Amino acid sequence: MSDWTPEAGTPPVSTPDEPVTEESAAAGPSFEPAEPRPLGVVRTPTGHAAVDARLERLADADHLPADGHIEVYEDVHRGLRSELTSLDTRPAAAPGPVPTPSQHTHNAHHTHHDNRS
């Protein structure tokens, strides 16, 4: 027999002669993966519909096990990268008034030949 006693506040340690009950078995560590749970991360709308749709896609990861998150993250990353790339493309030149051939000929004729007397 030992003189050792647990300190106050220390949970009792079961010994081999104590029966294992359902309650003590349930309190033991579980090695099963936990069910997916939402992280509760707030996604604030940006006001840009395409970006907001990509950010909402992140919510899909809340319902997947951790090994399924990478697919969602990569998809969102590709979409956001595409949106940013589209901002870098230069817009086509704004169409301005196109002179008609009669205006061009008339103006050219007037500039070169002034028939004043």
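Starting afresh in each chain, residues are numbered from 1 along the sequence in its written order. Local features in a predicted model are, by the rule used here, given only for residues with pLDDT of at least 70; side-chain atom pairs are given and counted only at 80 or more, and totals for whole chains, interfaces and linings are based on all residues. Hydrogens and water are ignored here; the side-chain numbers use all heavy atoms of the structure.

Novice: I'm lost on the overall build of the chain in this one. Help?
Specialist: Under the DSSP-based scheme used, a helix requires at least four consecutive residues in state H or I and a strand at least two consecutive residues in state E, with every element numbered from the N terminus. Assigned secondary structure in the chain consists of four helices and zero strands. Along its sequence from the N terminus, the chain presents helices and strands in the succession α-α-α-α. Only protein chains enter the accessibility calculation, which uses a 1.4 Å probe; a residue whose area is less than 20% of its type maximum is buried, one above 50% is exposed, and one in between is partly exposed. In the chain, buried positions account for 9% of the 117 residues. We call two residues contacting when some pair of their heavy atoms lies within 4.5 Å. A sequence separation of at least 24 residues applies to 37% of the contacts in the chain between residues at least 6 apart. Looking at the chain as shown, the accessible area adds up to about 11,000 Å², and 58% of this sits on carbon and sulfur atoms. Accessible surface area values rest on a Shrake-Rupley calculation with a 1.4 Å probe, where residue burial reflects the displayed protein chains alone.

Novice: I'm lost on the side chain of Asp62 in this one. Help?
Specialist: With respect to the element layout, Asp62 can be found in the loop between helix H2 (49-57) and helix H3 (66-88). Counting rule applied: Lys, Arg positive; Asp, Glu negative; His and chain ends not counted. Here, a salt bridge means any Lys or Arg side-chain nitrogen found within 4 Å of an Asp or Glu carboxyl oxygen. Buried and unpaired, Asp62 has Arg43 as its nearest opposite-charge partner, separated by 4.4 Å. Leave out the neighbours within four places in its chain, and Asp62 touches Pro36, Arg37, Pro38, Leu39 and Arg43.

Novice: Hey, could you run me through the environment of His69 in this one?
Specialist: Structurally, His69 can be placed in helix H3. By relative accessible area, His69 is classed as buried at 18%. In the structure, His69 is positioned 11 residues away from Leu58 in sequence and 8.8 Å away in space, judged by C-alpha atoms. Excluding its chain neighbours within four sequence positions, the residues that come into contact with His69 are Ala61 and Leu64. N or O atoms closer than or at 3.5 Å make up a polar contact, with two conditions inside protein: a donor-capable atom paired with an acceptor-capable one, and, for residues adjacent in sequence, both atoms drawn from side chains. Among the polar contacts made by the side chain of His69, one reaches the main-chain carbonyl oxygen of Ala61 at a distance of 3.0 Å.

Novice: Please clarify how the pattern of salt bridges should be interpreted in this entry.
Specialist: Side-chain pairing between opposite charges can occur once the charged atoms of the two side chains come close. For the structure shown, the criterion picks out four salt bridges. Measuring nitrogen to oxygen at the nearest pair gives 4.0 Å for the salt bridge that ties Arg43 to Glu56. With Arg43 in the loop between helix H1 (22-27) and H2 and Glu56 in helix H2, this pair connects stretches of sequence that are 13 residues apart. Notably, a salt bridge pairs Asp60 with Arg57, separated by 2.7 Å at the nearest N-O pair. Residue classification places Arg57 among the partly exposed positions, given a relative accessible area of 24%. What emerges from the salt-bridge pattern is a single network uniting Arg57, Asp60, Asp75 and Arg78.

Novice: How should I be thinking about H3 in this particular structure?
Specialist: For an α-helix the count is 3.6 residues per turn, leaving residues at separations of three or four pointing the same way. For a helix, the expected span equals 1.5 Å multiplied by the residue count minus one. Between the first and last C-alpha of H3 there are 34 Å, a value that for 23 residues agrees with the 33 Å anticipated at 1.5 Å per step. Turning to H3, its buried residues number three or more, namely Gly68, His69, Val72, Val76 and Gly79. The inward-facing, buried residues of H3 abut H2.

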